[in-house]
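Residue-level structure breakdown
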Amino acid sequence: MLKIKRLYTFIIQTFLPVFAMTFVICLFIVLMQFLWRYVEDLVGKGLDISVLAELFLYAAFQLIPMALPLSLLLASLMAFGNLGERLELLSIKASGVSLLKAMKPLIILVAFISIGAFFFQNEAMPRIQVKLRALLWSIKQKSPELDIPEGSFYSDIPNYNLYVKKKNRETKMLHEVMIYDTSKGFDNMAVIVCDSALMRGSEDKTFLLLNLYHGQQFANFRQADINSTSSRNNNQFVPYSRENFKEKEVIIPFNTGFDRMDESNLEGTQISKNIVQLSRSIDSMSVRLDSVNIRDRKIIGQHTYFAYRNTEAYQNKIKESDSLKVEKPKALQKKEQPAKINFDSLLNSYSRDEMAQYLMSAASEAENSRYNMLESTQKTGLQKNIRYHEVERHRKFTLSFACLIFFFIGAPLGAIIRKGGLGMPVVVSVALFIVYYIIDNIGYKMARDGVWEAWQGMWLSSFALFPLGVFLTYKAMNDSALFNPEAYGKFFRKIFFIKVPQKISEEDRAVIINNIPGISEISNLSLDEETLSNLRAMDEEHLRDINKNYTQYGYAKNMQLATLIILKDRGADINSIVDNQSYEMAGMNYQNFCKSSVLTGIGYLLAIIFLIINVPGLSVFIYASYLILFIRSSTYYSMFYTSVQKKAKIYNIVVSIVSFAAYPLTYWFIKRDMEKNLKELKERTII
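Thresholds, definitions, all that
Residues numbered from 1 in each chain as written. Predicted model: local features only at pLDDT ≥ 70, side-chain atom pairs only at ≥ 80, totals over all residues. Heavy atoms only, no water. Helix = DSSP H or I, 4+ residues; strand = E, 2+ residues; numbered from the N terminus. Buried < 20%, exposed > 50% of the residue type's maximum accessible area, 1.4 Å probe, protein only. Contact = heavy atoms within 4.5 Å. Areas by Shrake-Rupley, 256 points an atom, 1.4 Å probe, with all protein chains shown as cover. Pairing = 2+ DSSP bridges. Axes fitted to C-alpha atoms, helices over the stretch in contact; angles between N-to-C directions. Parallel < 35°, antiparallel > 145°, perpendicular 65-115°, else oblique. Left-handed = near helix turned anticlockwise from the far one by under 90°. Nonpolar A, V, L, I, M, F, W, Y, C, P; charged D, E, K, R; others polar. 1 Å grid on protein atoms, 1.4 Å probe; cavity = no way out; pocket = protein on both sides within 12 Å on 5 of 7 lines; lining within 4 Å. Points joined across faces, edges and corners; volume = space filled by probe spheres on them. Patch = residues over 30% accessible without salt bridge, like charges linked within 9 Å, V, L, I, M, F, W, Y side chains within 5 Å. Salt bridge = Lys/Arg side-chain N within 4 Å of Asp/Glu carboxyl O. Core = buried A, V, L, I, M, F, W, Y, C linked by side-chain atoms within 4.5 Å. Expected span 1.5 Å × (residues − 1). Phe/Tyr/Trp six-rings, centres within 6.5 Å; stacked < 30°, edge-to-face > 60°. pLDDT = per-residue confidence, 0-100. Polar contact = N/O pair within 3.5 Å; in protein donor to acceptor, adjacent residues only side chain to side chain.

Here's the deal with the overall build of the protein chain
Check the secondary structure of the protein chain and you find 26 helices and 6 strands. Per-residue burial over the protein chain gives 36% buried out of 687 residues. When contacts within the protein chain are restricted to residue pairs at least 6 apart in sequence, those whose partners lie at least 24 apart make up 72%. For the protein chain, the computed accessible surface area is about 42600 Å², with 59% contributed by carbon and sulfur atoms.

Spelled out as structure tokens, the structure:
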């Protein structure tokens with residue numbers, strides 16, 4: 001009996017409910033997108049509920065290839081994110097089970113899902129697409145439900161415009177009706193005006209029957225010479241006929257029924273075929289295309305002038321081949337041998353104007369006879385049809401591979417992020433799927449239009465995301481800090497040669513903390529009893545705020561030291577306060593900024609010079625160098641304000657932007673502002 005490990009059962013039980021939920025949600029979302037796309041073709045046509053239900057059922061099946069990869073990505077991300085957030089994944093790794101081994105049952109499950117997706121694409125999807133497209137075409141061809149409004153013209157009936165002033169809902173009688181009939185042409189338009197009318201449909205739903213009561217009909221009275229005489233004078237009077245009636249019946253062609261399209265009309269298209277049928281169709285069309293190409297090449301060779309045919313070697317070769325043929329009667333030989341003309345000497349005998357005229361005439365005749373000589377229309381149709389079949393054949397495999405790729409993206413990413421629920425996983429999943437969808441559409445259009453080969457376009461999205469899946473799986477298996485900002489910060493500083501001042505060591509921090517006076521010496525800080533009692537009553541958050549911003553509140557330096565003494569007495573963590581008030585670190589950032597600004601200023605001047613000179617290649621190098629130096633100086637600027645613990649203001653951002661365009665001018669302003677903040681930091685420093 002096959003036994004499954006309890007760990008594998010637990011992981012599968014964690015994944016399956018999430019996958020079922022996300023699949024239903026994703027399918028519902030794409031189905032709503034389908035509804036929004038075709039809502040104009042569905043509304044106002046009086047379709048039965050059974051027809052709409054059938055349409056949405058086929059649409060849901062047809063949209064599974066879009067919903068399945070997204071649901072797998074979201075489910076794997078949420079499942080492993082929940083395991084990481086609840087520290088269950090950490091417990092699994094601590095027990096000696098690697099991440100890849102923990103993913104083993106889900107890898108097998110997703111492999112079965114991918115195989116099922118392949119058979120679904122190959123066997124079920126052709127039938128579903130045929131039924132869906134036939135039903136959609138039938139719905140589009142159905143006439144809208146007849147609902148004539150009051151007080152306005154109704155033009156949904158072809159060749160007729162109806163105006164009804166008032167309708168009786170109970171008797172279904174129309175009052176004060178006006179009908180414009182253009183079924184025989186606009187020049188032969190008829191106008192019918194009546195007091196009331198009754199409208200009903202025929203039994204076969206192909207005609208509208210109107211019973212008109214007490215009215216008149218006006219129509220143009222055609223004569224044999226009316227067209228010839230009207231051209232003489234545009235204002236000539238055209239006679240018309242007038243008919244008074246008490247009751248009149250008008251029959252209008254208007255199909256209100258629902259006629260289904262015959263599905264056999266789509267059987268020969270690429271959407272109705274599986275892989276075997278697609279391969280056979282591609283082979284047969286390729287053979288036909290080859291035969292057309294061979295025929296076209298022969299025709300082109302016979303009707304094209306080549307200079308090498310006038311050479312002696314070619315003429316000798318022709319004579320040798322003619323000598324091997326059976327000798328014919330002299331009379332026939334004279335008729336068969338045309339006069340030889342040297343086209344090169346003939347062309348050189350014409351002037352430039354004559355040559356231009358003859359070439360234009362020849363090009364025009366060649367263009368006119370090209371479509372008669374070559375089967376270009378048939379060839380274009382065959383090539384297009386072959387591309388469509390190849391695209392559809394590759395589509396059978398891309399869905400299965402996309403499911404595997406999205407699982408190997410979602411599961412490691414969830415293990416790295418360690419966030420479950422519908423927050424971060426949904427954002428990441430949607431972002432990745434949008435990238436996949438855009439790349440897939442680009443590749444599909446390139447393959448469909450013949451810009452790329454079919455396999456290149458259809459597998460473009462898979463090739464783009466496969467390295468991401470391998471990279472994330474490798475990072476998750478090695479517990480790499482993929483989303484650690486400090487790691488990227490180190491890499492960034494290494495590229496731009498940015499020096500980072502060392503923070504206070506543990507020994508220096510301990511010395512500074514030990515030098516802070518005890519609570520018994522707080523009375524020596526020249527503070528009144530009321531102020532000290534207020535400080536003792538404050539919580540830790542308020543004490544830290546006063547310690548940091550005491551100058552803004554108008555306090556002296558002894559107030560800062562008093563808050564620090566109270567925090568130390570309470571046993572609060574004051575390491576961050578000591579580290580943040582490092583005057584030496586801020587000073588080093590200031591010095592590095594000044595040194596880097598010298599190079600940045602030189603780069604700015606060179607960029608201005610080469611902007612005027614514009615030396616190709618070298619100018620781009622100078623611009624790139626200035627950009628790198630500017631980023632380096634801006635980084636030192638940001639590190640300085642981080643060390644002085646002064647929040648960046650709007651004007652700092654504006655100054656940074658302006659400095660890119662005028663760095664030497666703004667440098668002195670920035671330097672003076674930094675010196676001012678450095679001086680304030682020195683006054684706040686504990687020691």
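Looking at the sheet that holds strand β1 (residues 153-154)
Strand order in this open sheet of 6 strands is β1-β2-β3-β4-β5-β6, and the pairing throughout is antiparallel. On the outer flanks of this sheet lie β1 and β6 (240-253), each paired with one strand and no other. The sheet contact formed by strand β4 (residues 190-201) and strand β5 (residues 207-220) spans 11 bridges and is antiparallel. Directly across from methionine 199, in β5, lies its bridge partner leucine 210.

Quick look at the packing of helix α1 (residues 6-42) against helix α3 (residues 64-85)
Packing of α1 against α3 leaves a shortest axis separation of 7 Å and a crossing angle of 140 degrees. Judged on the interaxial angle alone, α3 and α1 are oblique. At the point where α1 passes α3, the crossing takes the right-handed sense. Residues belonging to the contact of α1 with α3 are distributed by class as follows: 20 nonpolar, 5 polar and no charged.

Observations regarding the packing of α1 against helix α2 (residues 49-62)
One way to put it is that α1 packs onto α2 with a least axis distance of 10 Å and a crossing angle of 135 degrees. With respect to each other, α1 and α2 are oriented oblique. With respect to the hand of their crossing, α1 and α2 are arranged in right-handed fashion. On the side of α1, the interface is formed by Leu27, Leu31, Phe34, Leu35 and Leu42, while α2 contributes Leu52, Leu55, Phe56, Ala59 and Ala60. The residue makeup of the contact of α1 with α2, split by class, is 10 nonpolar, no polar and no charged.

Observations concerning empty space enclosed by the protein
Going through the model one piece at a time under the given rule, you end up with 2 cavities of 30 Å³ or more. Of the pockets and cavities examined, the largest cavity occupies roughly 60 Å³. What lines the largest cavity is Phe593, Ser633, Ser634, Tyr637, Ser656, Ser659, Tyr663 and Ile670. Broken down by element, the lining of the largest cavity gets its largest block of residues, 3 residues, from helix α24 (residues 618-643). Classifying every residue of the lining of the largest cavity gives 4 nonpolar, 4 polar and no charged. Surrounding the second largest cavity, Gly84, Leu87, Leu89, Leu90, Lys93, Ala415 and Arg418 form its lining. For the lining of the second largest cavity, the leading source of residues is helix α4 (residues 88-94), giving 3 residues. Residues of the lining of the second largest cavity, tallied by class, amount to 4 nonpolar, 1 polar and 2 charged.

As for a nonpolar patch on the surface
Together, Val598, Leu599, Ile602, Leu606, Ile608, Ile609, Leu611, Ile612 and Ile613 make up a nonpolar patch on the protein surface, roughly 850 Å² of accessible area in all. With respect to the helices and strands, the residue isoleucine 612 is situated in helix α23 (residues 583-613).

Overview of the layout of surface pockets
Taken as a whole, the largest pocket encloses approximately 1400 Å³ of empty space. Lining of the largest pocket is provided by 36 residues; of these, Arg37, Gln62, Gln129, Arg133 and Arg395 occupy positions nearest its centre. Breaking the lining of the largest pocket down by element, the ones donating at least two residues are α1, α3, α6 (104-141), α13 (376-417) and α14 (424-448). Grouping the amino acids of the lining of the largest pocket by side-chain chemistry returns 20 nonpolar, 7 polar and 9 charged.

Section: the pattern of salt bridges
Following the criterion strictly, the structure yields 6 salt bridges and no others. Between glutamate 243 and lysine 248 there is a salt bridge, with its nearest N and O atoms 3.7 Å apart.

A look at the environment of proline 65
Assignment of secondary structure puts proline 65 in helix α3. Spatially, the C-alpha atom of proline 65 lies 9.9 Å from that of phenylalanine 118, the residues being 53 residues apart in sequence. With near-sequence residues (within four places) excluded, proline 65 lies in contact with Phe120, Gln121, Met125 and Leu399.

Observations concerning the nonpolar core
In this structure, Phe34, Leu55, Leu68, Leu72 and Phe80 are the most contacted members of the largest nonpolar core, which totals 66 residues. A total of 13 residues in this core trace back to one element, the largest contributor, which is α3. By size, the runner-up hydrophobic cluster in this structure holds 23 residues, among which are Tyr590, Tyr636, Tyr637 and Tyr641.

With respect to helix α16 (residues 460-477)
A rise of 1.5 Å per residue sets the reference length of α16, with its 18 residues, at 26 Å; its end C-alpha atoms lie 27 Å apart and thus fit the reference within 8%. Along α16, the residues that are buried comprise Ser461, Ser462, Leu465, Gly469, Leu472, Thr473 and Ala476.

Here we look at the packing of aromatic side chains
Tallied over the entire structure, the rule returns 24 aromatic pairs. When the ring of phenylalanine 406 is compared with that of tyrosine 436, the centres are 4.9 Å apart and the planes differ by 80 degrees; the resulting orientation is edge-to-face. Placement of phenylalanine 406 in helix α13 and of tyrosine 436 in helix α14 is noted, with a sequence separation of 30 residues between them. A network of ring pairs unites the aromatic residues Phe593, Tyr604, Tyr626, Phe630, Tyr637, Phe660, Tyr663, Tyr667 and Trp668 as a single cluster.

Quick look at the confidence of the model for the protein chain
Atom-level detail of predicted coordinates should not be read off regions where pLDDT is low. Across the protein chain, the average pLDDT comes to 78, with 78% of residues at or above 70. Across the protein chain, the element-wise mean pLDDT spans from 43 in helix α7 (residues 226-230) up to 89 in strand β3 (residues 173-181). Contacts from residues 223-233, a stretch scored under 50 in pLDDT, to residues over four places away or in other chains number 7 contacts. Below a pLDDT of 50 lies the segment residues 330-337, which in the model reaches 3 contacts outside its immediate sequence neighbourhood of four places, other chains included.

Describing the pairing of β4
Alignment of β3 against β4, held across 8 bridges, turns out to be antiparallel. For aspartate 181, the partnering residue across the bridge sits in β4 and is alanine 190.

Notes on unusual backbone geometry
Its identity as a non-glycine residue notwithstanding, asparagine 159 has a phi of 70 degrees, on the positive side. Checked against the element boundaries, asparagine 159 lands in the loop between β1 and β2 (160-168). For asparagine 159, a relative accessible area of 45% gives the class partly exposed.

Quick look at the environment of histidine 175
For histidine 175, the position within the fold is in strand β3. Under the relative-accessibility criterion, histidine 175 is labelled partly exposed at 30%. If near-sequence neighbours (up to four positions away) are discounted, histidine 175 is found in contact with Val164, Lys165, Lys166, Asn168, Asp195 and Ser196.

Concerning the side chain of lysine 273
Within the secondary structure, lysine 273 sits in the loop between β6 and α8 (275-302). A polar contact is formed between the side chain of lysine 273 and the side chain of serine 281, at a distance of 2.8 Å. Contacts of lysine 273, omitting those with residues within four sequence positions, involve Pro126, Glu267, Gly268, Leu278, Ser281, His389 and Lys396.

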